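# Topology and contacts: notes
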Amino acid sequence: MLVNCYSLMLPSVLRCARPISSHPALTRPFAHFGPHMDPDPSRPVQRAITTKLTDALKPDHLEVHNESHMHAVPPGSESHFRVLVVSSKFEGLPLIQRHRLVNETLKEELSSCVHALAIQAKTPEQWQSNPTVAKSPPCMGGSKGDHTVEEKLKAGRE
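Residues numbered from 1 in each chain as written. Predicted model: local features only at pLDDT ≥ 70, side-chain atom pairs only at ≥ 80, totals over all residues. Heavy atoms only, no water.

Let's shift gears to unusual backbone geometry. A positive phi angle is found at lysine 58, which is not glycine, with a value near 45 degrees. Assignment of secondary structure puts lysine 58 in the loop between helix H2 (44-57) and strand S1 (61-66). (Helix = DSSP H or I, 4+ residues; strand = E, 2+ residues; numbered from the N terminus.)

Printed below as a string of structure tokens:
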């Protein structure tokens, strides 16, 4: 039996969906947070990700991108993220261990609202030699092309 992954994540997506604000700063698709910047208080999941990664990994550089708008989720969702973490705590660790540190730090979000998390975990030396952020490919699956998604999402809220 085939199950659409978006139908499985529907309850968590609905918990993370909020109405879109008309304020321009709140409708930007990406938000870059350095250690000196406060995350947008109207984005609780993004704020939690930023705070937890900052507290646990003491990053030299941190970017948290909400990429939910690129997927078949309701507007205003906080379900798909990309993070770039540059931390000296990654020194000497293989990539898999760096990702495990990030995943462990965000285990609460990953077990509830966050459906997808792309991670770039670099040491300060790696960041200095290559200060780029990987781009996400366009959403290719799920129900993105299904024009009945809005009806399904409304039914899931009732």
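The structure having been displayed, the exposition proceeds.
Turning our attention to the confidence of the model for the protein. Across the protein, pLDDT averages 74, with 62% of residues at or above 70. Here residues 1-15 is modelled with pLDDT under 50, and outside its nearest four sequence neighbours on either side it reaches 26 contacts, counting other chains as well. pLDDT under 50 marks residues 152-158. Its contacts with residues more than four places away, or in other chains, come to nine contacts. (pLDDT = per-residue confidence, 0-100. Contact = heavy atoms within 4.5 Å.)

Applying the stated criterion to the full structure yields four salt bridges. As a salt-bridge pair, glutamate 108 and lysine 52 come within 3.2 Å of each other at their nearest N and O atoms. Note that glutamate 108 is positioned in helix H4 (residues 107-110) and lysine 52 in helix H2, a separation of 56 residues in sequence. The class for glutamate 108 is exposed, based on a relative accessible area of 52%. In this structure, lysine 52 engages glutamate 109 in a salt bridge whose closest nitrogen and oxygen atoms are separated by 2.8 Å. With lysine 52 in helix H2 and glutamate 109 in helix H4, this pair connects stretches of sequence that are 57 residues apart. Its relative accessible area of 25% is what places lysine 52 among the partly exposed residues. (Salt bridge = Lys/Arg side-chain N within 4 Å of Asp/Glu carboxyl O. Buried < 20%, exposed > 50% of the residue type's maximum accessible area, 1.4 Å probe, protein only.)

When helix H3 (residues 95-105) is considered as a whole, its buried residues turn out to be Arg98, Val102 and Thr105. Looking straight down H3, one finds its buried side chains confined to an arc of 65 degrees; they lie on one side. (Arc of directions from axis to C-beta.)

Moving on to H2. In this model, H2 (14 residues) spans 20 Å end to end at C-alpha, consistent with the 20 Å of a helix rising 1.5 Å per residue. Those residues of H2 not exposed but buried are Val45, Gln46, Ile49, Thr50, Leu53 and Leu57. The arc that holds every buried residue of H2, seen down its axis, measures 135 degrees, which confines them to one face. Backbone geometry just after H2 places lysine 58 at a positive phi near 45 degrees. (Expected span 1.5 Å × (residues − 1).)

As for its placement among the helices and strands, threonine 123 is situated in the loop between strand S3 (116-122) and helix H5 (124-129). Residue classification places threonine 123 among the buried residues on the basis of a relative accessible area of 6%.

As for its placement among the helices and strands, alanine 72 is situated in the loop between S1 and strand S2 (80-86). Each C-alpha atom of the pair alanine 72 and cysteine 139 lies 8.2 Å from the other, and the pair is 67 residues apart in sequence.

Looking now at the side chain of arginine 82. Tracing the sequence through the fold places arginine 82 in strand S2. Arginine 82 has contacts with Glu63, Val64, His65, Glu67, Ala118, Val133, Ala134, Lys135 and Ser136, leaving out every residue within four places of it along the chain.

The subject of this paragraph is the pairing of S1. The element S1 is extensively covered by neighbouring structure, given that five of its six residues are classed as buried. Across six bridges, the pairing between S1 and S2 is antiparallel. Bridge pairing links leucine 62 to valine 85 in S2. (Pairing = 2+ DSSP bridges.)

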